[in-house]
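# Observations on the model geometry
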Amino acid sequence: MPYQPLTGQRALVTGANSGIGEGVAKCLGAAGAKVVVNYVTATDAAEAVVKEIVTNGGQAIAIKADVSKEAEVEAMFQQMFKEWGGIDILVNNAGLQRDAAFTEMTLEQWNFVLAVNLTGNFLCARAAARQMIKQGVTKISKAAGKIICMSSVHELIPWSGHVNYASSKGGMRMFMQSLAQELAPFKIRVNSIGPGAIATPINRPAWETPEALASLCKLIPYGRVGVPDDIGKVTVFLASDDADYIQGQTIMVDGGMTLFPEFAHGG
Ligand code: BGC
């Protein structure tokens, strides 16, 4: 029997047409959830994710929306509620990098990263929380709803050359914890996952050549780069009732990247 702790639950994953979001959407689908595959570009890629979930016996639909735009986010959630009557799991995954040396960083690069990575979380979590509060606890889960934010090891590890990105993830930590405190009385669980180096398009230059990969692996005590499935499986656990007493936490899924690996040989 497959492990399907999310049978019948309704999930929305932002930025689910590629990378970690794609892996998360597929894992949620395999765990029995119905999945909205949100995307903003590459309709074909989103439809391919839907097709794979459906082919494997799950249910999924693709909905286009830019998570940084209030009207688009509201329309997406309304469409989901019309199709499936509500939401049980939100995975705030959409995120991007626009790297630059600090003195070269444009306001546009700063604003774009903050808008998608942080404001997108706010808009989606607000729309989901309003509905989850309305629904309350039902037979489907011990919680009225689960909100999972896709943070990063960089909510803890400072990152030169990526000040906009690291600021968005540091902000996400306080966003998630404050929200967890506020929504706990409504039985809504809010947590984050902090992926380390997961091989996806966002960090391709860091793993695509043998030299880059060797240098990256020096930062990972466990000695391998992650894959989207590593994150998808933890997302399934965090969304399930097995994690019912976990509230306001970031689970680092990073092969030990946050363990100050250079101290294994010095200090
Ligand atoms: C970034 C990746 C990076 C990883 C580890 C992630 O949050 O998006 O580009 O490889 O952190 O540094």
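In case you missed it, the structure is sitting above this.
Criteria and thresholds
Residues numbered from 1 in each chain as written. Predicted model: local features only at pLDDT ≥ 70, side-chain atom pairs only at ≥ 80, totals over all residues. Heavy atoms only, no water. Disulfide = S-S within 2.5 Å. Buried < 20%, exposed > 50% of the residue type's maximum accessible area, 1.4 Å probe, protein only. Near = heavy atom within 4 Å. Polar contact = N/O pair within 3.5 Å; in protein donor to acceptor, adjacent residues only side chain to side chain. Areas by Shrake-Rupley, 256 points an atom, 1.4 Å probe, with all protein chains shown as cover. Pairing = 2+ DSSP bridges. Helix = DSSP H or I, 4+ residues; strand = E, 2+ residues; numbered from the N terminus. Axes fitted to C-alpha atoms, helices over the stretch in contact; angles between N-to-C directions. Contact = heavy atoms within 4.5 Å. Expected span 1.5 Å × (residues − 1). Core = buried A, V, L, I, M, F, W, Y, C linked by side-chain atoms within 4.5 Å. Salt bridge = Lys/Arg side-chain N within 4 Å of Asp/Glu carboxyl O.

## A few points about the state of the cysteines
In total, this model carries 0 disulfides according to the counting rule given. For the unlinked cysteine C124, the closest cysteine sulfur is that of C149, found at 10.0 Å. For C124, a relative accessible area of 0% gives the class buried.

## A look at the site of the ligand
The environment of the ligand is formed by Q97, S152, H154, W159, Y165, G196, A197, I202, N203 and M257. Separating an oxygen atom of the ligand from a side-chain N or O atom of Q97 is a distance of 2.6 Å. Contact distances for the ligand include 3.2 Å between an oxygen atom and a side-chain N or O atom of N203. Protein contacts shield 90% of the accessible area of the ligand, which totals 310 Å² for the unbound molecule.

## Quick look at the sheet that holds strand β1 (residues 10-13)
The parallel open sheet is built from 7 strands, whose spatial order is β3-β2-β1-β4-β5-β6-β7. The sheet is open, and its two borders are formed by β3 (59-64) and β7 (250-253), each paired with just one other strand. Strand-to-strand twist of the sheet, defined as the mean angle between neighbouring strand axes without regard to direction, takes the value 20 degrees. Against the sheet, helix α8 (residues 228-239) contacts β4 (89-92), β5 (145-150), β6 (188-195) and β7, and its axis sits at roughly 165 degrees relative to β6.

## So, helix α4 (residues 107-135)
Given 3.6 residues to a turn, an α-helix orients residues that are three or four positions apart in the same direction. End to end, α4 covers 40 Å across 29 residues, agreeing with the expected 42 Å (1.5 Å per residue, within 8%). One or two residues past the end of α4 sits G136, with phi positive at roughly 65 degrees.

## Some words on unusual backbone geometry
Look at A42: it is not a glycine, yet its phi comes out positive at around 65 degrees. Relative to the helices and strands, A42 resides in the loop between β2 (34-39) and α2 (43-55). A residue is classified by how much of its surface remains accessible, and A42, at 42% relative accessible area, is partly exposed. The phi torsion at K187 lies on the positive side, around 65 degrees, for a residue other than glycine. In this fold, K187 is placed in the loop between α5 (163-183) and β6.

## Remarks on the nonpolar core
Grouped burial of nonpolar side chains is what soluble globular proteins tend to show. In this structure, L12, F77, I87, L90, I147 and V190 are the most contacted members of the largest nonpolar core, which totals 35 residues. Residue contributions to this core peak at 9 residues, all from α4. Filtering out sequence-adjacent residues up to four positions away, F77 remains in contact with L12, I87, L90, C124, A127 and A128. Membership of the second largest hydrophobic core comes to 32 residues, among which are C27, V37, V49 and I231.

## Focus on the pattern of salt bridges
Counted under the stated rule, the structure contains 9 salt bridges. We note a salt bridge from R10 to D88, for which the minimum N-O separation is 2.8 Å. Placement of R10 in strand β1 and of D88 in the loop between α3 (70-84) and β4 is noted, with a sequence separation of 78 residues between them. No difference in accessibility class separates R10 from D88, as the two residues are buried. Across the pair D230 and R224 runs a salt bridge, and its minimum N-O distance is 2.9 Å. What emerges from the salt-bridge pattern is a single network uniting E22, K26 and E52.

None of this, on its own, says anything about what the molecule does.
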